[in-house]
Amino acid sequence: MRWICKEHIEESLDAEWRQSATDALTVLNFMGSIKEKKAYLRSAQASAVWRSFYEKLPDRLKHKCWYCEAEEIRSDMPVDHFRPKGKVEECAQHDGYWWLAFDWENYRCACTFCNSKRNFEETQGGKGYKFPIFNEGSRASLPADNYQNEEPAILDPCDPDDDRLLWFDADGFPEPIAGASEEQAQKVINSKEIFHLHETRICRKRNNIRIDVKKHVNNLASTHRPTARAAKSSLRRMIGDTEMLSRAAFVYLSQHRHIDEVQEILDQGA
Ligand SMILES: [Zn+2]
């Protein structure tokens with residue numbers, strides 16, 4: 001999970017894109033029945049809006065998945081509707097957040113692994129139509145309802161408080177940060193299941209990052225200055241938010257924060 005600054009998204013969307021989203025919403029609102037609306041949302045005309053949203057984003061915002069931080073998002077449909085547009089798995093009578101289908105604030109770049117419902121040998125999940133919230137009684141089901149009152153029970157890359165809740169054990173397995181409240185811990189656990197954050201290959205990659213971080217931290221103490229400098233550069237790069245699995249690098253580097261130079265790198269990266 002990486003934090004995505006909404007202002008950076010907004011800056012990359014031009015007037016032409018905003019107009020196309022407004023036009024599509026006008027068409028959607030014009031449709032009388034939910035059945036017609038859903039058919040429109042499945043059309044190529046509708047999906048062109050979020051496809052072109054993806055194209056407008058600068059590379060630094062879209063070269064890795066916002067949920068799992070893997071660089072595997074070159075799929076046909078890399079945009080997830082955070083609030084599902086067609087239906088909601090946790091609420092049978094819900095018709096989906098169709099009115100947010102063209103709202104860029106509801107878009108998250110996601111790899112097919114995180115986005116699509118599927119089964120694997122050891123994990124099953126994929127976000128699909130899932131959108132668990134803690135306060136079901138406040139779930140928005142109509143455009144007039146304020147969805148901001150909902151308390152999502154999964155981590156949101158666009159929430160500046162959420163990425164820090166995700167921690168990893170010494171095998172690269174995701175867990176809540178120490179001291180997390182019951183609700184915060186539940187968000188991490190739900191996200192782990194829904195986004196397959198505990199799948200073997202990605203855990204192994206995080207573990208490799210742990211080993212690399214340790215190697216570079218050891219090199220920081222080298223009396224050979226070029227070696228120490230290269231180690232510092234590598235660590236600063238690894239925790240940069242455009243790097244693959246940067247949250248894991250941050251977590252593993254934090255374990256060495258008793259070393260002054262490491263603390264300095266963490267402060268610079270924050
Ligand atoms: Zn992903």
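As the structure is a computational prediction, the values presented were derived from the model and not from experiment. (Residues numbered from 1 in each chain as written. Predicted model: local features only at pLDDT ≥ 70, side-chain atom pairs only at ≥ 80, totals over all residues.)

Details of the overall build of the protein chain
- From N to C terminus, the protein chain includes 11 helices and six strands.
- Here the protein chain has a C-alpha radius of gyration of 20 Å; the compact-globule value for 270 residues is 18 Å, and the two agree.
- A principal-axis box enclosing the C-alpha atoms of the protein chain has dimensions of 75 × 40 × 35 Å.
- Scored against the burial criterion, the 270 residues of the protein chain give a buried share of 33%.
- Counting contacts in the protein chain only where the partners sit at least 6 residues apart, residues at least 24 apart contribute 63% of the total. (Helix = DSSP H or I, 4+ residues; strand = E, 2+ residues; numbered from the N terminus. Rg over C-alpha atoms; globule rule 2.2 N^0.38 Å. Buried ≥ 20, exposed ≤ 12 C-beta atoms within 10 Å, placed from the backbone. Contact = placed C-beta atoms within 7 Å.)

Focus: unusual backbone geometry
- Its identity as a non-glycine residue notwithstanding, His196 has a phi of 55 degrees, on the positive side.
- Mapped onto the secondary structure, His196 falls in the loop between helix H7 (182-194) and helix H8 (200-220).
- Judged by the 25 C-beta atoms lying within 10 Å of it, His196 is buried.
- At Leu245, a residue that is not glycine, the phi angle is positive and equals roughly 50 degrees.
- Structurally, the position occupied by Leu245 is in the loop between helix H9 (225-238) and helix H10 (246-254).
- Residue classification places Leu245 among the buried positions, given that 23 C-beta atoms sit within 10 Å.

Considerations on the packing of H8 against H10
- Running from amino to carboxyl end, H8 crosses H10 at an angle of 45 degrees, the nearest separation of the two axes being 9 Å. When the axis of H8 is compared with that of H10, the two are oblique. The hand of the H8/H10 crossing is right-handed. Only Ala248, Ala249, Tyr252 and Leu253 of H10 make contact with H8, whose side of the interface consists of Arg206, Ile209, Arg210 and Val213.
- Looking at the contact of H8 with H10, its residues break down into six nonpolar, no polar and two charged. (Axes fitted to C-alpha atoms, helices over the stretch in contact; angles between N-to-C directions. Parallel < 35°, antiparallel > 145°, perpendicular 65-115°, else oblique. Left-handed = near helix turned anticlockwise from the far one by under 90°. Nonpolar A, V, L, I, M, F, W, Y, C, P; charged D, E, K, R; others polar.)

Some details on helix H4 (residues 44-56)
- In this model H4 runs 18 Å from its N-terminal to its C-terminal C-alpha over 13 residues, within 8% of the 18 Å that 1.5 Å per residue would give.
- Within H4, the full set of buried residues consists of Val49, Trp50 and Phe53. (Expected span 1.5 Å × (residues − 1).)

A word on the environment of Tyr129
- Here Tyr129 is to be found in the loop between strand E4 (124-125) and strand E5 (166-168).
- Discounting residues that sit within four places of it in the chain, Tyr129 has contacts with Pro84, Gly86, Lys87, Val88 and Glu89.

Examining the nonpolar core
- Within the largest apolar cluster, 37 residues are counted, with the highest numbers of intra-cluster contacts made by Cys65, Tyr67, Cys68, Ala110 and Cys114.
- Listed by contribution, the elements that provide at least two residues to this core are H4, strand E2 (107-109), helix H6 (112-115) and H7.
- When sequence neighbours within four positions are dropped, the list of residues in contact with Cys114 reads Cys65, Tyr67, Cys68, Gly126, Lys127, Phe195 and His196.
- Phe168, Ala231, Met238 and Ile265 belong to the second largest nonpolar core, which has 18 residues in total. (Core = buried A, V, L, I, M, F, W, Y, C linked by C-beta atoms within 7 Å.)

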